[in-house]
Amino acid sequence: MATSRSKRPPAARPKPPLRRILIANRGEIALRVVRACRDLGIAPVMVYSDADRDSLPVRLADAAVPIGPAPAAASYLNVQAILEAALRTGADAIHPGYGFLAENADFAEAVEAAGLTFIGPPAAAMRAVGDKVEARRLMAARGVPIIPGLTDRAADGRAIEAFAATAGYPILLKAAAGGGGKGMRVVRSAAELTSMLRAARSEAKASFGDDGVYAEKLLEGVRHVEIQIVADAHGDVVWLGERECSLQRRHQKLIEEAPSLAVTPALRAKMGALAAEVARASGYRNAGTVEFLVDAAGNPWFMEVNARLQVEHPVTEMVTGFDLVRAQIAVASGDRLPFRQAEVAPRGWAIECRILAEDPAHGFRPHPGRITAVRLPAGPGVRVDTALQAGDEVSLHYDALVAKLIAWGEDRDQAIRRMLRALREFRIAGIRTTIPFHIEVLEGEEFRGGRFDIAWVDRALPGLSPRLEAPLEGFETAAIAAAVEAYEMARRGAAGTGAAGTETPASSAWAIAGRRAQMRGRPPRGRWA
Ligand code: MV4
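Residues numbered from 1 in each chain as written. Predicted model: local features only at pLDDT ≥ 70, side-chain atom pairs only at ≥ 80, totals over all residues. Heavy atoms only, no water.

## Let's talk about the sheet that holds strand S3 (residues 63-68)
Next up, step 1: Spatial ordering of the open sheet is given by S3-S2-S1-S4-S5, a layout of five strands whose pairing is parallel. The strands lining the two open edges of the sheet, one partner per strand, are S3 and strand S5 (117-118).
Next up, step 2: Relative to S5, strand S4 (residues 93-95) runs parallel, the two sharing two bridges. When the bridges of S5 are listed, Ile-94 appears paired with Phe-118.
Next up, step 3: Strand contacts of helix H1 (residues 27-40): strand S1 (20-23), strand S2 (43-49) and S4, with the helix running at about 160° to S2, the strand carrying the most contacts. (Pairing = 2+ DSSP bridges. Helix = DSSP H or I, 4+ residues; strand = E, 2+ residues; numbered from the N terminus. Contact = heavy atoms within 4.5 Å. Axes fitted to C-alpha atoms, helices over the stretch in contact; angles between N-to-C directions.)

In C-alpha cells:
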C-alpha cells in the first residue's frame, strides 16, 4: 500500500520541538519512554505513587513528582495531580504509556486544554474508535471487512434473535463501549439469549457505565493478528507489519511474535492497506494498532483499534529497526514520520515473552513479593524491557507484568533458541513468574509448528501444568539437605556408630552442597542460584 498523501489536511502549524516530557506511567513502559527521551536529548520527568518512589524510572528522570498513594485511582489516574506536576516542572508534553489514562479521551483533551501536547491520538479519533458499534459502521462504510453482526445497539433481544436466525448460533454478545473482552457472552441457542443478554448488559454497565450491547457471529479456530500503524499530522499513514498475539489467557497476552506464521505476503499487504484505511477513516494520528481476527481460510476480520502504544511494540521494533516511541514523539511535535512506507522492510523474526508475577503452576495466581535478586539475560539478539531492581516490592496494586523478554533471530528457529537461552539465564528471586510456562511452550511441538489459535493456551494448560512446578529456592534446598542429614545422623547414631552429630561426613548432603558452592566461589544457593 503506497503512502497516501491525497487527502492531506491543511499544513499543521510548525510546533517548537519538545524539550521536557512528563511520563504519566510506571514500570517498564515508563523506563522505555525515559530512554527514548534520553536518546532524543529531551528531559524526562516522572510522576510516581508512594509505592514507586525508589523505582528505576524515577531515579533516572531529571525530575520526579509524587502524585499520591499506591492505589492507581489516587495516583496514576489522578488527572489534576498529573497536570499540576506537568505545569509545575515546565513539561511541554505528556506521554501516557499504556493502561491508566492512555486511552481516556477526556484526559487527552484536558492535556491539550492545559496548553500541553498529548503524545497519542487526538481525543476525537479515540472517541471514533472507542465506541465499537460506531467503529463497525464507519469501517464497513470504508470497505473494511467487519465480523458479520449488528451495526446498531440492540434495543432488546428481538434484533439479536433476528440476526441469529440468519447467521446461526453460536453468536457473541459484546459491549458497545467495550473492548478487551469485558461484557462478552457466548450464546449457543435461542433459549440462552435472554439470560445472556441480561448478564452482558450488567457487566457492560459495571465496566463502562454504558449498558449498550450488540451481537456478532462467534468466530472459532481464529488467530489474533494486529497491524502496527503510525500516522502523522501531514496526512501520512505508515503500517509496520503484523504481530501474532493468539497466545493469551483470559485476554492477557503471554507470547507475541512478528511476523505471524499465518500471514502470507499477500495477506500482509491486504491487512496493511485495511489498517491504513482504518486510520484515515477515524482521523487517527500517532501510533496505534488495528486488531483483526484471521480465520482458518486466511480472511482478516476487523475487531478493534487500540489507541495507544502497546505492550508488545518491541517485536515490531526488533524486526523493523524503528524506534516507535521516537516516532510517537516526532509526530506529536508536528514532524513528518521519520520513515516512509517504502522504507519499511522487516527483517528476521522477533518473539516477546511477558514475564508476569504469577504462578503458572497454580492457575496463574498472583505472586507478589519483595525482589531479593535479579539476574538479567543478555547476549546477541536479546532485549529485556524491565524496571525491576533488587529490593523492589511487586505489589497487588498494579499490573503483574514485571519484565518483557524479547528475542530476535534471522529466522523463527533462531529467535526461539535465543529466547530459550535467555529464559534459562533469567532469575527473579523472591516471587514466582511465568518463566517456566514460557520454557514449556517454546519447547513444545505445537508452538514450534505454529499450530495454535486464540483458545490454545486454555486447551494446553492442563497438559503443561504438571511440568510447571517451580524449581526449589536455595533455602528450600538447604532445608531439605538439613532434614536428610538429621535423619541419616539419627540412623547412624541409633546403629551405634559413635560420632553422630559431632562431625560432618564428607558424603553428607550439607558437605556436598558446600563443596559445590565452593567450586563456584559462593555460598550454597541450590538450583535457582
Ligand atoms: C470475538 C471472538 C470471536 N468471534 N468476536 C476478545 C476481546 C475483544 N477484543 C474481542 N474478542 C473476541 N472477539 C467474534 N465475533 C473472539 C474474541 C476473543 C479473543 C480475541 C483475540 C484474542 C484472544 C481472544 C480470546 C477470547 C475471545
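## Remarks on the site of the ligand
Next up, step 1: Around the ligand, a shell composed of 18 residues is seen, among which Lys-174, Glu-216, Lys-217, Leu-219 and Glu-304 lie nearest.
Next up, step 2: Within the backbone of Lys-217, an N or O atom sits 2.7 Å from a nitrogen atom of the ligand.
Next up, step 3: Looking at the shell around the ligand, the elements that each hand over two or more residues are strand S6 (171-175), strand S8 (213-217), strand S12 (286-294) and strand S13 (300-306).
Next up, step 4: In the shell around the ligand, the residues fall into eight nonpolar, five polar and five charged. (Near = heavy atom within 4 Å. Polar contact = N/O pair within 3.5 Å; in protein donor to acceptor, adjacent residues only side chain to side chain. Nonpolar A, V, L, I, M, F, W, Y, C, P; charged D, E, K, R; others polar.)

## Focus on helix H4 (residues 105-113)
Next up, step 1: Of the residues making up H4, those classed as buried are Ala-105, Phe-107, Ala-108 and Val-111. All buried residues of H4 lie within an arc of 160° about the axis, which places them on one face of the element. More than 90 degrees from the buried face of H4, the exposed residues found are Asp-106 and Ala-113.
Next up, step 2: Where H4 is buried, its residues touch helix H3 (79-88), S4, S5 and helix H5 (123-130). (Buried < 20%, exposed > 50% of the residue type's maximum accessible area, 1.4 Å probe, protein only. Arc of directions from axis to C-beta.)

## Details of the nonpolar core
Next up, step 1: Leu-22, Ile-94, Ile-255, Ile-355, Leu-423, Phe-437 and Leu-442 are the most contacted members of the largest nonpolar core, which has 128 residues in total.
Next up, step 2: Considering every element that reaches this core, the biggest residue donor is helix H9 (residues 265-281), with eight residues.
Next up, step 3: Ignoring anything within four residues of it in the chain, the contact list for Ile-355 reads Ala-400, Leu-401, Val-402, Ala-403, Leu-405, Leu-423, Phe-426, Ile-428, Thr-433, Thr-434, Ile-435 and His-438.
Next up, step 4: Val-133, Ile-171, Leu-197 and Ala-215 belong to the second-largest nonpolar core, a separate cluster that totals 16 residues. (Core = buried A, V, L, I, M, F, W, Y, C linked by side-chain atoms within 4.5 Å.)

## Regarding the pattern of salt bridges
Next up, step 1: Taken as a whole, this structure holds 39 salt bridges when the rule is applied.
Next up, step 2: Two residues, Glu-312 and Lys-253, come together in a salt bridge whose shortest N-O distance is 2.7 Å. Taken together, the residues Glu-312 in the loop between S13 and helix H10 (313-320) and Lys-253 in strand S11 (residues 252-258) connect sequence positions 59 residues apart. The pair formed by Glu-312 and Lys-253 is uniform in burial state, with each residue classed as buried.
Next up, step 3: The partner of Glu-256 in a salt bridge is Arg-354, with the nearest N and O atoms 2.7 Å apart. (Salt bridge = Lys/Arg side-chain N within 4 Å of Asp/Glu carboxyl O.)

## Focus on empty space enclosed by the protein
Next up, step 1: Following the criterion strictly, the structure yields three cavities of 30 Å³ or more and no others.
Next up, step 2: In this structure, the second largest cavity occupies an estimated 40 Å³ of space.
Next up, step 3: The wall of the second largest cavity is formed by His-95, Pro-96, Gly-97, Ala-102, Phe-118, Ile-119, Gly-120, Pro-121, Ala-307, Arg-308, Leu-309 and Gln-328.
Next up, step 4: Here the lining of the second largest cavity is built from residues that sort into seven nonpolar, four polar and one charged. (1 Å grid on protein atoms, 1.4 Å probe; cavity = no way out; pocket = protein on both sides within 12 Å on 5 of 7 lines; lining within 4 Å. Points joined across faces, edges and corners; volume = space filled by probe spheres on them.)

## Comments concerning the sheet that holds S6
Next up, step 1: Spatial ordering of the open sheet is given by S7-S6-S8, a layout of three strands whose pairing is antiparallel. If you trace the sheet from one side to the other, it starts and ends with strand S7 (185-187) and S8, each paired once. Across the sheet, the mean angle separating the axes of adjacent strands is 30° when strand polarity is ignored.
Next up, step 2: In the sheet, S6 pairs with S7 via three bridges, with the strands oriented antiparallel. Bridge assignment links Leu-172 to a residue of S7, and that residue is Val-186.
Next up, step 3: Running at roughly 165° to S7, helix H8 (residues 193-208) makes contact with S6, S7 and S8 of the sheet.

## Observations regarding the pairing of strand S19 (residues 382-385)
Next up, step 1: Burial along S19 is two-sided: the face carrying Val-382 and Val-384 and the face carrying Arg-383 and Asp-385 are both buried.
Next up, step 2: The sheet contact formed by S19 and strand S21 (residues 401-409) spans four bridges and is antiparallel. Of the residues in S21, the one forming a bridge with Val-384 is Leu-405.

## Here we look at the packing of aromatic side chains
Next up, step 1: On inspection of all chains with the given rule, the structure shows six aromatic pairs.
Next up, step 2: Ring centres of Tyr-76 and Tyr-398 lie 5.8 Å apart, and the angle between their planes is 75°; on these two criteria the pair is classed as edge-to-face. Of the two residues, Tyr-76 is situated in the loop between S3 and H3 and Tyr-398 in the loop between strand S20 (393-394) and S21; the sequence distance between them amounts to 322 residues.
Next up, step 3: Judged by relative accessible area, Tyr-76 falls into the buried class, the value being 0%.
Next up, step 4: The exposure class assigned to Tyr-398 is buried, which follows from its relative accessible area of 10%.
Next up, step 5: Plain terms: the ring middles of Phe-364 and Phe-437 are 5.4 Å apart, the flat faces sit at 75° to each other, and that makes the pair edge-to-face. Pair noted here: Phe-364 is in the loop between strand S15 (358-359) and strand S16 (365-366) and Phe-437 is in helix H13 (residues 435-443), with a separation of 73 residues, a long-range link.
Next up, step 6: When the ring centre of Phe-452 is taken as origin, the NZ or CZ atom of Arg-223, which lies over that ring, is 4.6 Å away. (Phe/Tyr/Trp six-rings, centres within 6.5 Å; stacked < 30°, edge-to-face > 60°. Lys NZ or Arg CZ within 6 Å of the ring centre and 35° of its normal.)

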